[in-house]
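Examining the three-dimensional arrangement
Given next are the chains, with one letter for each unit.
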Amino acid sequence: MPATRQIRKVLKSKPTMEGAGVYLKRVFGFSEVPMFDPFLLLDDFRSDNPDHYRKGFPWHPHRGIETITYVLDGEVEHGDSLGNTGIIGPGDVQWMTAGSGIIHQEMPQGDGNGKMYGFQLWANLPSRDKMMDPRYRDVANEQTPEVKLPDGSTIRIISGEVGGIKGPVQDIVIDPEYIDVTVPAHAEFRHPTKRGHTVFAYIIEGQGYFCKEKNAFSYDVEGRNYFDIQRDPFVGNETLVLFDDGDEVMVSTERHNVRFLLISGKPIGEPIAWYGPIVMNSNDELRIAFEEYQQGTFIKHKR
């Protein structure tokens, strides 16, 4: 029998500000390293108020990581030192490998009603690949396959495989899976996972039970702040579940559906030196990166 992963920890996203003044929810970041290895950061930038996102993320560098942007509603305009420009629209994904270095900007625009819903995930690169050539994988909404399971669950496959159907993002060094799952009310969802991989679910709609666990005091919970004492056996919107090791994840629902991002990857297990948008393996490598940025020699690739 496959071993169902149990809940290791539950985290509630925390309000913060990034870029030139973008209000968002930080799901996890620097303080959680290396618990989420190979992942570094997850931001939830869903908002209905243009004042909370219109200042965007002006030109800034990245090195040593990959950034994965997934938009549900609204649009994000982007441009970079490779000469790429474009728009990430509803249902689109941009998987950017910064590698040796890239300078780019991301400017959320929202839709006609001011809605801007999306997420950005940072994935680390192993030392052997940190200085690889930068590259983009832009995946349009219509390129992402959607699978409906017998239990009524629907799955959008960005990366990974469900029922023999593979997502469009492949050949990534951390062997990731990134799927958008909706489980209807009064249903049970099971999904196989690779042993040894880090696996987490971030709930973006509704609520559900994870791992059949209804005792909210059987696992560690990190609240939004010191005074957050609410613990509920249902896991709901803006909450992350990090799983222990095992062969599968299991989610069940009662009166409400639940929608979540299920993400996994192979841990790298290397030292991390991280400052701002650059993640390397040593402080000396960080120093070199910032010196090169100041001297104008940061970009190693040809336009």
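Before reading on, note that the structure itself is shown above.
Residues numbered from 1 in each chain as written. Predicted model: local features only at pLDDT ≥ 70, side-chain atom pairs only at ≥ 80, totals over all residues. Heavy atoms only, no water.

Brief notes about the environment of V33
Definition in use: Strands are runs of DSSP state E lasting at least two residues, helices are runs of H or I lasting at least four, and both sets are numbered from the N terminus onward. Each residue is assigned to one of three classes by its accessible area relative to the maximum for its type, calculated with a 1.4 Å probe on protein chains only: buried under 20%, partly exposed between the two thresholds, exposed over 50%. Only heavy atoms matter for contacts: two residues are in contact if any of them lie within 4.5 Å across the pair.
Secondary-structure assignment places V33 in the loop between strand 3 (22–28) and strand 4 (39–44). Under the relative-accessibility criterion, V33 is labelled partly exposed at 26%. Taking C-alpha positions, V33 is 8.5 Å from I272, a pair spaced 239 residues apart along the chain. The residues contacting V33, other than those within four sequence positions of it, are L40, I272 and W274.

Focus: the pattern of salt bridges
So the rule is basically this: Salt bridges are counted wherever a side-chain nitrogen of Lys or Arg sits within 4 Å of a carboxyl oxygen of Asp or Glu.
According to the stated counting rule, one finds 22 salt bridges in the structure shown. Several salt bridges converge on common partners, so that one network encompasses K9, K14, D220 and E222.

Comments concerning unusual backbone geometry
The residue after V33, namely P34, is reached through a cis peptide bond having omega 5°. With respect to the helices and strands, P34 occurs in the loop between strand 3 and strand 4. Omega for the bond connecting D37 with P38 falls within 30 degrees of zero, at 15°, which places this linkage in the cis form. By secondary structure assignment, the location of P38 is in the loop between strand 3 and strand 4. Positioned with a positive phi, H186 is a non-glycine residue whose angle comes to about 55°. Its identity is not glycine, yet K212 carries a phi of approximately 60°, on the positive side. Considering the arrangement of structural elements, one finds K212 in the loop between strand 19 (198–210) and strand 20 (220–222). For K212, a relative accessible area of 54% gives the class exposed.

Section: the nonpolar core
To be explicit about the condition: Working definition of a nonpolar core: buried Ala, Val, Leu, Ile, Met, Phe, Trp, Tyr and Cys residues. They are joined through side-chain atoms within 4.5 Å.
In terms of nonpolar packing, the biggest core is built from 29 residues, with F200 and L240 touching the most fellow members. Among the elements of the structure, strand 3, strand 4, strand 6 (65–73), strand 9 (93–97), strand 11 (117–124), strand 19, strand 22 (239–243) and strand 24 (258–265) are those that each provide at least two residues to this core. Here L240 is in contact with K9, V10, L11, V27, F28, F36, L42, F200, A201 and Y202, once residues within four sequence places are set aside. Grouped together as the second largest cluster of nonpolar side chains are 26 residues, V199, Y219, F243 and V249 included.

Points about the sheet that holds strand 8 (residues 85–88)
As a reminder of what qualifies: Being paired, for any two strands, means DSSP has found at least two bridges between them. The axes used here are C-alpha line fits, helices contributing only the stretch in contact, and every angle between their N-to-C directions lies in the interval 0 to 180 degrees.
Strand order in the open sheet formed by 4 strands is 5-10-7-8, and the pairing between neighbours is antiparallel. Each edge of the open sheet is held by one strand with a lone partner, namely strand 5 (57–62) and strand 8. Averaged over all neighbouring strand pairs, the angle between strand axes comes to 25°, with direction disregarded.

Notes on the layout of surface pockets
Counted only if it meets this: Here the term cavity refers to a set of points on a 1 Å grid, laid over the protein atoms alone, in which a 1.4 Å probe fits but cannot get out; the term pocket refers to an open set having protein on both sides within 12 Å along at least five of seven lines, with lining residues being those that place an atom within 4 Å of a point. Grid points are joined across faces, edges and corners, and a volume is the space filled by probe spheres set on the points. The residue classification treats Ala, Val, Leu, Ile, Met, Phe, Trp, Tyr, Cys and Pro as nonpolar and Asp, Glu, Lys and Arg as charged. All others, Gly included, are polar.
Space inside the largest pocket adds up to approximately 460 Å³. Taken together, 24 residues make up the lining of the largest pocket; nearest its centre are E18, G19, F57, Q120 and W122. Elements with a minimum of two residues in the lining of the largest pocket: strand 3, strand 4, strand 5, strand 10 (102–108), strand 11 and strand 25 (273–275). Here the residues of the lining of the largest pocket are counted per class, giving 13 nonpolar, 7 polar and 4 charged. In this model, the second largest pocket occupies a volume close to 360 Å³. Along the wall of the second largest pocket there are 17 residues; nearest its centre are G160, E161, D175, P176 and K194. For the lining of the second largest pocket, a count of residues per class yields 4 nonpolar, 7 polar and 6 charged.

With respect to the pairing of strand 19
With 10 of 13 residues buried, strand 19 lies mostly within the body of the structure. Bridge analysis of strand 19 against strand 24 gives 8 bridges, and the strand direction is antiparallel. Each residue of the ladder has a partner; that of F200, found in strand 24, is I263.

Examining the environment of E205
Stated formally: Counting of polar contacts relies on pairs of N or O atoms within 3.5 Å, with two restrictions inside protein: one atom must be capable of donating a hydrogen and the other of accepting it, and residues adjacent in sequence are counted only when both atoms are side-chain atoms.
With respect to the secondary-structure elements, E205 resides in strand 19. Given a relative accessible area of 36%, E205 falls into the partly exposed group. Taking C-alpha positions, E205 is 26 Å from E66, a pair spaced 139 residues apart along the chain. Not counting the four nearest positions on each side in its chain, E205 is found in contact with N237, N257, V258 and R259. Polar side-chain contacts of E205 include one of 3.4 Å to the side chain of N257.

Shape is all these values report; function is a separate question.
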